[in-house]
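# Working through the structure, step by step
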Amino acid sequence: MNAFDLTGRLAVVTGARRGIGRAMARALRCFGLRTAVVTALADNAVGRLVEDLILQGGVDASMICWMPDDGIGRTARNGLNFVERGYGIRGALGVSDRAHTAVSQLRKGDVDWDTVFSAGARWFHTGGIFAGLSETTVDVADEAMAAARRHGVAVSYAPNCRSSLWADRGGPERAREVDLRLARHADVVVGALGLACGHPGAVRFAADEVPDALTAVADLLPGAGVLATTLREVPSAGVNDWCSAAWSAGTGYVAGPRMPGLHVLDRIGSGDGFAAGLIHGLLAGHSLDRALAYGTAHGALVMTTPGDVSMATLAEVEALLADGSAHVRR
């Protein structure tokens, strides 16, 4: 989850080694925004390494909840997310190692959300990965989003369903139930197209079906002001056709810039990069069309660098939007 203050502070609650929170907080750094992460880690060498990496990315780690380490991870551990990139016709494969993690054990009341949001926060973001870690994290997400709304903080949510997190806990139906419960707190839903069907990925929408699908989601979530989604075709693991779309009550349907034949080094984190660019555009007061373009360009750049976090800069995003050139800059 994430929160944002008047000077650009973003707080994020997340699970596992990466997840939506840390990657989102780091991705927003590329736009010059000060960010912070709210999560829980086991207090051992691995947890402290994660803290160090967070700090190296310029993200405030002062709101991490540290849980005692028992020496072997029987009671609390730090999660991992393994991903094979894939090649050609072999798609990327992700393996979540997130059970019994410190963050999955967070419960309502463990975080003083009123304190988090009382310093002038402007934005809070969370998603289905955190909510899917355990039965208690759903309630923590709900508690945090409600607190953000009480403090007048803009709230966004990304469904981000991972089937492995729900395999023994009700499957796609339970995931959708949770997504709809939490998305109803949100002003902005990123990945909204996944809510237009039984669960994210259940239906492949043709380009001409996307406007009606987003309108259907708007009917499900009358409180949401903006719905956005990435659109990806995958001719091969290394070459993707990349685009996006959004809807708002004031603007209607907007299509993002098309980037066919995008060469992909590492696609992990592209959704977080897209969300960060979109949020930057909305916070900066840009039109929905321009905010969507920021998200699309930033997500594309994230796919050109290794790892799940953004290595792009605002200047690179602007340059890509201006001419799309890959010429060497010296």
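Keep in mind the model is a prediction, meaning the values are calculated, not measured. Throughout, a residue's number is its position along its own chain's written sequence, starting from 1. Two thresholds apply to this predicted model, a pLDDT of at least 70 for residue-level local features and 80 or more for giving and counting side-chain atom pairs, whereas whole-chain, interface and lining totals are computed over all residues. The side-chain numbers reported here are obtained from all heavy atoms of the structure, hydrogens and water having been left aside.

### Concerning the confidence of the model for the protein
Every residue carries a pLDDT, the predictor's confidence in it, which falls somewhere between 0 and 100. With 90% of its residues at a pLDDT of at least 70, the protein reaches an overall mean of 87. Confidence scores differ between elements of the protein, with strand β1 (residues 4–5) showing the lowest mean pLDDT of 36 and strand β10 (residues 188–190) the highest of 97. Note on definitions: a residue-residue contact is assigned when non-hydrogen atoms from the two residues lie within 4.5 Å. Low confidence marks residues 1–20, where pLDDT is under 50. Its contacts with residues over four positions away, or in another chain, come to 121 contacts. With pLDDT under 50 throughout, residues 326–330 is counted as low confidence; its partners more than four residues away or in other chains account for 1 contact. Elements are defined by DSSP. Helices are runs of H or I of four residues or more, strands are runs of E of two residues or more, and each kind is numbered from the N terminus.

### A closer look at the side chain of Ser270
Checked against the element boundaries, Ser270 lands in helix α9 (residues 270–283). By the criterion applied in these results, polar contacts are pairs of N or O atoms within 3.5 Å in which, for protein atoms, one can donate a hydrogen and the other can accept it, and in which residues neighboring in sequence qualify only through two side-chain atoms. For Ser270, the side chain forms a polar contact with the side chain of Arg232, separated by 2.8 Å. Only 2.8 Å separates the side chain of Ser270 from the backbone oxygen of Arg267, close enough to count as a polar contact. With residues near it in sequence (within four places) discarded, Ser270 still touches Arg232, Trp242, Gly299, Val302 and Met303.

### Things to note about the pattern of salt bridges
Take a side-chain nitrogen of Lys or Arg and a carboxyl oxygen of Asp or Glu: if they are within 4 Å of each other, that pair is a salt bridge. Tallying each qualifying case throughout the model produces 14 salt bridges. In this structure, Arg150 engages Asp114 in a salt bridge whose closest nitrogen and oxygen atoms are separated by 3.0 Å. Placement of the pair is Arg150 in helix α5 (residues 135–150) and Asp114 in helix α3 (residues 113–117), with a sequence separation of 36 residues. In this structure, Glu318 and Arg290 form a salt bridge, with 3.0 Å as the shortest nitrogen-oxygen distance. Taken together, the residues span a long stretch of sequence, with Glu318 in helix α11 (residues 314–323) and Arg290 in helix α10 (residues 288–302) at a distance of 28 residues. Each of Glu135, Arg169, Arg174 and Glu177 takes part in a single network of salt bridges with overlapping partners.

### Regarding the environment of Ala322
Checked against the element boundaries, Ala322 lands in helix α11. Overall, the relative accessible area of 65% leaves Ala322 in the exposed class. When the C-alpha positions of Ala322 and Asp110 are compared, they lie 46 Å apart, and in sequence the two are 212 residues distant. Classification of residues uses two cut-offs on accessible area relative to the type maximum, computed with a 1.4 Å probe and protein chains only: under 20% is buried, over 50% is exposed, and between them is partly exposed.

### A word on the nonpolar core
Note on terminology: a nonpolar core comprises buried Ala, Val, Leu, Ile, Met, Phe, Trp, Tyr and Cys residues joined through side-chain atoms within 4.5 Å. By size, the foremost hydrophobic cluster in this structure holds 52 residues, and its most contacted members are Trp113, Phe117, Phe124, Val189, Leu214, Leu221 and Leu227. With 7 residues, the top contributor of residues to this core is α5. Counting residues in each nonpolar core, the second largest holds 34 residues, with Ala228, Met259, Ala276 and Ala300 among its members.

### A few points about the packing of aromatic side chains
Two rings belonging to Phe, Tyr or Trp (six-membered ring only in the last case) form a pair when the distance between their centres is within 6.5 Å. Interplanar angles under 30 degrees mark stacking, angles over 60 mark edge-to-face geometry, and anything in between is tilted. This structure, assessed with the given rule, holds 4 aromatic pairs. A centroid spacing of 6.2 Å and a plane angle of 90° characterise the contact between Phe31 and Tyr294, whose relative ring orientation is edge-to-face. One end of the pair, Phe31, is in the loop between α1 (19–29) and β2 (35–36); the other, Tyr294, is in helix α10, and 263 residues separate them in sequence. Both rings, one in Trp113 and one in Phe124, keep their centres 5.8 Å apart while their planes meet at 80°; by these two values the pair is edge-to-face. Here Trp113, found in helix α3, pairs with Phe124, found in strand β8 (residues 121–127); they are 11 residues apart in sequence, far enough to count as distant. Three or more aromatic residues joined by ring pairs form one cluster here, namely Trp113, Phe117 and Phe124. Both a distance and an angle decide whether a charge sits over a ring: NZ of Lys or CZ of Arg must be within 6 Å of the ring centre and within 35 degrees of the ring normal. Over the ring of Trp166 we find Arg169, and its NZ or CZ is 4.5 Å from the ring centre.

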